[in-house]
Amino acid sequence: MAAKTVVVICAHTDDEALGCGGTLARHSQNGDSVYAIFLADGVTSRPGATAAELASRQAAADKAGQELGIIQAFYLGFCDNQLDSLPLLSIVQAIENILIKIQPEIVYTHHIGDLNIDHRITHQAVVTACRPLPGGSIKQIYSFEVLSSTEWQTPGYLPFIPTAFVDISDLWSVKESALLCYQTEMRDEPHSRSIQNVLNLAKLRGNSVGLPLAEAFMLIRSII
Ligand SMILES: [Zn+2]
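Along each chain, residues carry numbers from 1 onward, in the same order as the chain's sequence is written. It should be noted that, the model being predicted, local features are given only for residues of pLDDT at least 70 and side-chain atom pairs only at 80 or more, the latter also being counted only at that level, while totals for whole chains, interfaces and linings use all residues. Remark: hydrogens and water are excluded; side-chain values derive from all non-hydrogen atoms of the structure.

1. Notes on the packing of aromatic side chains
The test is simple: Each Phe, Tyr or Trp ring (for Trp, its six-membered ring) is paired with any other whose centre lies within 6.5 Å, and the angle between the two planes then decides the class: stacked below 30 degrees, edge-to-face above 60, tilted in between. In DSSP terms, a helix is any run of H or I states spanning at least four residues, a strand is any run of E spanning at least two, and both are numbered starting from the N terminus.
One pass over the full model with this rule turns up five aromatic pairs. The interplanar angle of 15 degrees and the centroid separation of 5.3 Å between the aromatic rings of Phe38 and Tyr75 together place this pair among those described as stacked. One end of the pair, Phe38, is in strand β2 (residues 33–40); the other, Tyr75, is in strand β3 (residues 70–78), with 37 residues separating them in the sequence. Summarising the aromatic geometry, the rings of Tyr108 and Tyr142 are spaced 5.5 Å apart at their centres and angled 20 degrees between planes, so their arrangement reads as stacked. Of the two residues, Tyr108 is situated in strand β4 (residues 106–110) and Tyr142 in strand β5 (residues 140–144); the sequence distance between them amounts to 34 residues.

2. With respect to the state of the cysteines
The following threshold applies: In plain terms, two cysteine sulfur atoms within 2.5 Å form what is called a disulfide here. Per-residue accessibility, obtained with a 1.4 Å probe over protein chains only, is compared with the maximum for each type, and a residue is labelled buried under 20%, exposed over 50%, and partly exposed between these values.
Scanning all chains against the criterion turns up zero disulfides. Left without a disulfide partner, Cys181 is nearest to the cysteine sulfur of Cys10, which lies 14 Å away. Look at Cys181 and you get buried, because its relative accessible area is 14%.

3. A few points about the pattern of salt bridges
Here is the rule: Throughout this description, the term salt bridge denotes a Lys or Arg side-chain nitrogen within 4 Å of a carboxyl oxygen of Asp or Glu.
The final tally for this structure, using the stated rule, is six salt bridges. In this structure, the salt-bridge partner of Asp14 is Arg57, at a minimum N-O distance of 3.7 Å. Separated by 43 residues along the polypeptide, Asp14 in the loop between β1 (5–10) and α1 (15–29) and Arg57 in helix α2 (residues 51–68) bring together distant segments of the chain. We note a salt bridge from Arg131 to Glu96, for which the minimum N-O separation is 2.8 Å. In this pair, Arg131 is assigned in the loop between α4 (117–129) and β5 and Glu96 in helix α3 (residues 88–102), connecting sequence segments 35 residues apart. One continuous salt-bridge network, built from bridges that share partners, spans Asp14, Arg57 and Glu185.

4. Topic: unusual backbone geometry
For the peptide bond that leads from Glu189 to Pro190, omega is 5 degrees, which places it in the cis range. Inspection of the secondary structure puts Pro190 in the loop between α5 (172–180) and α6 (195–207). Phi angles above zero are rare outside glycine, and Asp14 is one such case at about 115 degrees. The backbone of Asn81 sits at a positive phi, close to 55 degrees, despite the residue not being glycine. Looking at where Asn81 falls in the secondary structure, it is placed in the loop between β3 and α3. Judged by its relative accessible area of 35%, Asn81 is partly exposed.

5. Description of the pairing of β5
Rules: For two strands to pair, DSSP has to find at least two bridges joining them. Looking down the strands as they point away from you, a crossover is right-handed if its path from the first strand over the helix to the second goes clockwise.
In terms of residue burial, β5 counts as a mostly covered element, since five of its five residues are buried. Where β4 meets β5, five bridges bridge the pair, whose relative direction is parallel. Within β5, the residue paired with His110 across the bridge is Phe144. Note on the crossover from β4 through α4 to β5: the handedness is right-handed. With five bridges connecting them, β5 and strand β7 (residues 214–222) associate as antiparallel partners. Each residue of the ladder has a partner; that of Tyr142, found in β7, is Leu219.

6. Focus: the coordination of the zinc ion
The criterion, for reference: The donor set covers N, O and S atoms within 2.8 Å of the metal, switching to 3.2 Å for Na, K and Ca, and it leaves out water, so a site may look short of donors. Note on geometry labels: four donors, all angles 85 to 135 degrees, give tetrahedral; four donors become square planar and six octahedral when opposite donors are over 155 degrees apart and every other angle is between 65 and 115; remaining cases are irregular.
Here the zinc ion is held by His12 (ND1), Asp15 (OD), Asp15 (OD) and His119 (NE2), and the distances to it run 2.0 to 2.4 Å. Here the zinc ion is ringed by four donor atoms whose angles at the metal span 56 to 138 degrees, and the overall shape comes out irregular.

7. Regarding α2
What counts is decided by this rule: Helix span, as expected, comes to 1.5 Å for every residue beyond the first. This arc describes the spread of directions from the helix axis toward the C-beta atoms. Contacts were defined at the residue level, with two residues in contact if any of their heavy atoms lie within 4.5 Å.
Relative to the 26 Å expected for 18 residues at 1.5 Å per residue, α2 spans 26 Å between its end C-alpha atoms, a close match to the ideal helical length. Among the residues of α2, those classed as buried are Arg57, Ala60, Ala61, Ala64, Gly65 and Leu68. Buried residues in α2, looked at end-on, bunch into an arc of 140 degrees, giving them a common side. Facing away from the buried side of α2, by more than 90 degrees, are the exposed residues Ala51, Ala52 and Gln66. Close packing links the buried residues of α2 with α1, β3 and α5. Immediately beyond the C-terminal end of α2, within one or two residues, lies Gly69, with a positive phi of roughly 85 degrees.

Okay, here's the thing in structure tokens:
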């Protein structure tokens, strides 16, 4: 199969590893070109955040990207947890400017029903930037789940009901290495965002479809 161009578009550095790290690693092992677009800086909403913290979060993302085989990451640098203070159009246009350059075939992004507002806005901006115009490159859009956001939302929002599964049974160590780059973001058990619980989820999603470990997605659109 011809190599594909793939992009993960997420709100924060670490969402890519949590949501679809194994899948990205699988794409890169298959010879696909894997890109990442990060919308928010992941740091500025914290009290007393410094430039050094911002730099170290980005360095962690670069390291995780090397583990996952991401060939280029774009950091848009919007303020963390404040995407709702920006016109959606400016976020959409920032994403469009990159999509025009990389011409992806497959897009991964957040679930529309996450608790985190940046995640929800990212989803909305991505599906807007990826609207199916004539001659467009994008053939598939998938949304992923992020522990401590997707499962923490109130029942009034759209639940995450997976419709596509990627076998990551032989890629767990790669996903774990990427997560370990974000040690400051990971928590100890029984917090939902622990390495152990990421593994629990991979087992649940895998075993749900007869695999040892999997990442699960909702298919947003597929054009065949
Ligand atoms: Zn996030």
